[in-house]
Amino acid sequence: MANTCRDDLRCLLERIKDTDEQVDIIIQSGEDCCEFTGCICEVDDCFVVLIDTKHGNCIRTYILLDCICALVHPAQTCCDEY
């Protein structure tokens, strides 16, 4: 059975989760997009859990995989050769 885009997204989220680095997740919200920033703490079949510790508060955000438009994750190396 072939991988679906959702399987690929889950795999990518798991790899980012293992870095313990912050990521920006951009979701479709109505006609606009919203951006959430934090560290991924859990990846489920239907959602990802993002932890944000802004202003000393620990905020947990549950984001449906079907709503994710883009992920922004800092590159580990510069891609000058591309």
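Fair warning: this is a prediction, and the values are worked out from it, not measured in the lab.

**Looking at the overall build of the protein chain**
- The secondary structure content of the protein chain amounts to one helix and five strands.
- Starting at the N terminus, the α and β elements of the protein chain follow one another as α-β-β-β-β-β.
- Of all 82 residues assigned to the protein chain, the portion counted as buried reaches 23%.
- Contacts spanning at least 24 positions in sequence make up 45% of the contacts within the protein chain whose residues lie at least 6 apart.
- Accessible surface, the protein chain: about 5900 Å² in total, of which carbon and sulfur atoms supply 51%.

**Digging into the pattern of salt bridges**
- Tallied over the full model, the rule gives three salt bridges.
- Between Arg-6 and Asp-66 there is a salt bridge, with the nearest N and O atoms lying 2.7 Å from each other. In this pair, Arg-6 is assigned in helix α1 (residues 5-17) and Asp-66 in the loop between β4 (59-64) and β5 (68-72), connecting sequence segments 60 residues apart.
- A residue is classified by how much of its surface remains accessible, and Asp-66, at 64% relative accessible area, is exposed.

**Structural notes on the environment of Cys-11**
- Tracing the backbone shows Cys-11 in helix α1.
- Its relative accessible area of 40% is what places Cys-11 among the partly exposed residues.

**Concerning the nonpolar core**
- Counting 13 residues, the largest nonpolar core has Leu-13, Ile-25, Ile-40, Val-48, Ile-63 and Ile-68 as its most contacted members.
- Counting residues per element, the ones that place at least two in this core are α1, β1 (22-29), β2 (32-43) and β3 (47-52).
- Each residue touching Ile-63, except ones within four places of it in the same chain, is listed here: Ile-25, Ile-27, Phe-36, Cys-46, Phe-47, Val-48, Leu-50 and Ile-68.

Reading the values: rules and limits
- Residues numbered from 1 in each chain as written.
- Predicted model: local features only at pLDDT ≥ 70, side-chain atom pairs only at ≥ 80, totals over all residues.
- Heavy atoms only, no water.
- Helix = DSSP H or I, 4+ residues; strand = E, 2+ residues; numbered from the N terminus.
- Buried < 20%, exposed > 50% of the residue type's maximum accessible area, 1.4 Å probe, protein only.
- Contact = heavy atoms within 4.5 Å.
- Areas by Shrake-Rupley, 256 points an atom, 1.4 Å probe, with all protein chains shown as cover.
- Salt bridge = Lys/Arg side-chain N within 4 Å of Asp/Glu carboxyl O.
- Core = buried A, V, L, I, M, F, W, Y, C linked by side-chain atoms within 4.5 Å.

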